[in-house]
Amino acid sequence: MSKSKSSESVKVKVVVRCRPMNEKERAAAFESVVSVDVKFGQIIVKNPRETSAGEPSKVFTFDSVYDWSSKQIDLYDESFRPLVDSVLQGFNGTIFAYGQTGTGKTYTMEGVKNDLERRGVIPNSFDHIFTHISRSQNQQYLVRASYLEIYQEEIRDLLSKDQLRRLELRERPDTGVYVKDLSSFVTKSVREIENVMNVGNQNRSVGATNMNEHSSRSHAIFVITVECSQLGVDGENHIRVGKLNLVDLAGSERQTKTGAQGERLKEATKINLSLSALGNVISALVDGRSSHIPYRDSKLTRLLQDSLGGNARTVMVANIGPASYNVEETLTTLRYSNRAKNIKNKPRVNEDPKDALLRKFQEEIAKLKEQLEKRMGKKNKKKQRRRAGDCSNGDGRDDESEDDGDGDNKVDYWREQQETLESERRAIMEDHSLVAEEKAQLLQEKERKMDDLKKEQEAGEMLAAKVKAMESKLLVGGKNIVDHTNEQQKMLELKRHEIAEQKRRVREMQQQMECRDEETLELKETYSSLQQEVDIKTKKLKKLFAKLQAVKAEIHDIQEAHINERQELEQTQNELTRDLKLKHLIIENFIPCEDKNKIVNRAFFDEDDEYWKMRPITHIEDDHQMMSRPQSAIGFRRPLSNHARTAMKDGLDMRYKAENLLLLTMDMPSRTTKDYQQPVIAPKVAAALEDALKNEDDIQVDASGFNGSLAPLASASGSLRKPKSGRARTGKQSDTWTSSFSARNPTSPIYPQSRGLVPK
Ligand code: ADP
Ligand code: MG
């Protein structure tokens, strides 16, 4: 468990650094609008537009300010060294660089590579940490480094081999928020940790088409964890863990999103998200009224939760540019960091946390050493046993070579063993009394023993090497303490540190004096005449009035900035609402209600990832839409329906005869044609036709009624000619044809005896 040693609150320290004019700005003859009062810790900005309108300059006071001529090492000694010192004592510490792109954030954090004068906070802190360790006494240290980047709300491990992988944030009640699976490298020297930083920087630029643009849109966080183990007064080893976050934030200028839509809009929104969330967190912390601090709004604020209002000491460097064309951004940066000044943190020493790697290392080393001891112990016992056996055999040589065995150290032991075996082998070779076969067998045995010995030796050596490697990762100081130059250097640093401290105190006192002066002036003042009192009071009034005006102007500016921000947020909100409406419309109109419900039922919000996710289909138990597959019936491989069971008992349908019987009758398609149906022929016609088609031989000719009926017969013959064709006719024609017969002889049967022919 981590214990708290000191929990007094400490304010976030804010320092401002103004970079020099660059070549372009000088060439274009831009006016410088920033003046830096290092002594009073003030930045004075005159807005070229407003001063012409008679408005006063804007004054901001900070813990320290640095002008264009400031040196990296001065910045380090005055503002960052105390923080890194506290990290070495087991506190958490964070250094932020905030500001518009091109104002010197990366210059302040990293500086110029391989240039002692111009290297930034990160390399200076490497030196500081390892020098401290080398000078320490009776302490064991473990230093490790991680490097990550947040781009568009995605976390990338800059030291990982797989640069496409995105990491997630997790939270644990004891250690707080951490990045899951973030790689960290144990480093033993300045060179090693520099190497880690270089690898990370290379990875940072990989995949970025435009490095400048990429770095201005992403946050880079270099994390150094220093673990220190020291014997406490209670006689036990205690471990303190300090974590140093070195953060190079994305450019604070508003990412333009005018006219951006879809992916581009989302991108712009996400880029702004972390920084505006950081601003909101700062506001909420300073406000004092809000009980809710919106840390969870972005990855950056979640990850640096401890650094803002939590268990850490924090220094924020606000970088600004001096040129007039940047004045708006400069003012925004100054206002932003001015607010951060009032954040209060509660840093405490992290003592004996559960996840201290140093403790694990120490335990692992102890375990390995024990294993090694055991191995050696076994060897010694074996050796003694063997010696006893050999003695009984009366082999004099063995006795001789192992005489001084007990006092051996590990290395000698192996050599000695080897020599023994070798001499034994030689003895066998020279022994002429042995039969050749016997000799070969003995020799083989010795060879095998030698092999075994070699293997064991190798294993032992490997174990020893592992212990050594692990031990080498733990750094112990006190070696160079007698070094004269080192001592001098130490003194020099101490002096520099003292000077920095003094400067800081002078500045603070001056700031305080300024305030007190004004307060006491009035009290001390005695007026010799009424006129004098009027004069002095008028002067004072004027001064106060000017102050009031400045405050009013400031309020106005802040309100304006607030309105602008609000408008932008509203615009974003409108665009997002429009997007949402479109999606709703698509869902309502194109996705079936059933499917929509299924999706709604499966969706859930993952608190850890802060993302909506889908439950896997099979896990839904109480949802009747997605019934799980029933259990198999006992003795069967598949679940059986009741119908199948009864059908199996009846045994009629092959399909249910047995388990896993596959019936492959084809499922015939339904018929789409009909059988041919003859047209319906009236019965009269059919009879007539039948008669007409009778064989000629079967017809008897009766000519008895020939005379009287010739005429009508002749008239009928015309219509009879047609049926001769043998084709059945339907319709009117046949009607007239039959009716002509019935008309001729109304008494005759329904089926007339056609053509006057009489059936047999
Ligand atoms: P940022 O990271 O904020 O975008 P950089 O650190 O890349 O800005 O700085 C932009 C340029 O300005 C670099 O060429 C850097 O060397 C130069 N620069 C910034 N600050 C200083 C300074 N204090 N002194 C000298 N050069 C500076
Ligand atoms: Mg940069």
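Keep in mind that this is a model prediction, so the values were computed, not measured.

Novice: Would you mind going over the pattern of salt bridges with me for this structure?
Specialist: When the charged atoms of two side chains lie near each other, side chains of opposite charge can form a pair. Under the defined criterion, the tally for this structure stands at 28 salt bridges. The salt bridge partner of Lys-58 is Asp-557, with a shortest N-O separation of 3.0 Å. With Lys-58 in strand E5 (residues 58-61) and Asp-557 in helix H16 (residues 530-590), this pair connects stretches of sequence that are 499 residues apart. When its relative accessible area of 6% is taken as the criterion, Lys-58 is described as buried. We note a salt bridge from Arg-204 to Glu-149, for which the minimum N-O separation is 3.0 Å. Of this pair, Arg-204 sits in helix H6 (residues 190-205) while Glu-149 sits in strand E8 (residues 139-151), placing them 55 residues apart in sequence. Glu-149 shares its class with Arg-204; the two are buried. One network of salt bridges, in which partners are shared, links Lys-58, Arg-335, Glu-554 and Asp-557.

Novice: Just to check I follow, could you spell out the packing of helix H3 (residues 72-88) against helix H5 (residues 121-135) for this structure?
Specialist: When two helices pack together, their arrangement is given by the angle between the helix axes and the distance between those axes. The N-to-C vectors of H3 and H5 enclose an angle of 50°; their axes lie 10 Å apart at closest approach. Between H3 and H5, the angle falls in the class oblique. With respect to the hand of their crossing, H3 and H5 are arranged in right-handed fashion. Contact with H3, carried on its side by Ile-73, Tyr-76, Phe-80, Arg-81, Val-84, Asp-85 and Leu-88, involves Val-121, Asn-124, Ser-125, His-128, Ile-129 and His-132 of H5 and no other residues of that element. Here the contact of H3 with H5 is built from residues that sort into seven nonpolar, four polar and two charged.

Novice: Sorry if this is basic, but what is going on with the nonpolar core here?
Specialist: Where a protein is soluble and globular, its nonpolar side chains tend to be buried together. Val-16, Ile-43, Phe-62, Ile-221, Leu-249, Leu-278 and Leu-334 are the most contacted members of the largest nonpolar core, which totals 46 residues. Excluding residues within four positions of it along the chain, Val-16 makes contact with Ile-43, Phe-62, Ser-64, Val-65, Tyr-66, Ala-318, Ile-320 and Leu-334. Core analysis: the next-biggest nonpolar cluster, separate from the first, contains 37 residues, Tyr-66, Leu-75, Met-197 and Leu-246 among them.

Novice: Would you explain the packing of aromatic side chains in this entry?
Specialist: Remark: the centre distance and the inter-plane angle together describe each pair of aromatic rings, the angle taken between the planes. Under the criterion given, the structure shown has six aromatic pairs. Note on Tyr-76 and Phe-80: the rings are 6.4 Å apart at their centroids and 55° apart in plane angle, and the pair reads as tilted. One end of the pair, Tyr-76, and the other, Phe-80, are both in helix H3, four residues apart, so they sit about a helical turn from each other. Overall, the relative accessible area of 1% leaves Tyr-76 in the buried class. Aromatic side chains Tyr-147 and Phe-222 sit 5.0 Å apart centroid to centroid with 75° between the ring planes, which places their arrangement in the edge-to-face category. Here Phe-222 lies in strand E13 (residues 218-231) and Tyr-147 lies in strand E8, a separation of 75 residues in the sequence. When its relative accessible area of 2% is taken as the criterion, Tyr-147 is described as buried. Here Phe-222 falls in the buried class, since its relative accessible area comes to 0%. Looking at Arg-313, its charged tip hangs above the ring of Phe-91, at a distance of 4.6 Å from the centre. Against the face of Phe-62 rests Lys-341, its NZ or CZ located 5.4 Å from the ring centre.

Rules behind the numbers
Residues numbered from 1 in each chain as written. Chains lettered and ligands numbered in written order. Predicted model: local features only at pLDDT ≥ 70, side-chain atom pairs only at ≥ 80, totals over all residues. Heavy atoms only, no water. Salt bridge = Lys/Arg side-chain N within 4 Å of Asp/Glu carboxyl O. Helix = DSSP H or I, 4+ residues; strand = E, 2+ residues; numbered from the N terminus. Buried < 20%, exposed > 50% of the residue type's maximum accessible area, 1.4 Å probe, protein only. Axes fitted to C-alpha atoms, helices over the stretch in contact; angles between N-to-C directions. Parallel < 35°, antiparallel > 145°, perpendicular 65-115°, else oblique. Left-handed = near helix turned anticlockwise from the far one by under 90°. Contact = heavy atoms within 4.5 Å. Nonpolar A, V, L, I, M, F, W, Y, C, P; charged D, E, K, R; others polar. Core = buried A, V, L, I, M, F, W, Y, C linked by side-chain atoms within 4.5 Å. Phe/Tyr/Trp six-rings, centres within 6.5 Å; stacked < 30°, edge-to-face > 60°. Lys NZ or Arg CZ within 6 Å of the ring centre and 35° of its normal.

Remember, this is a structural readout, not a statement about activity or role.
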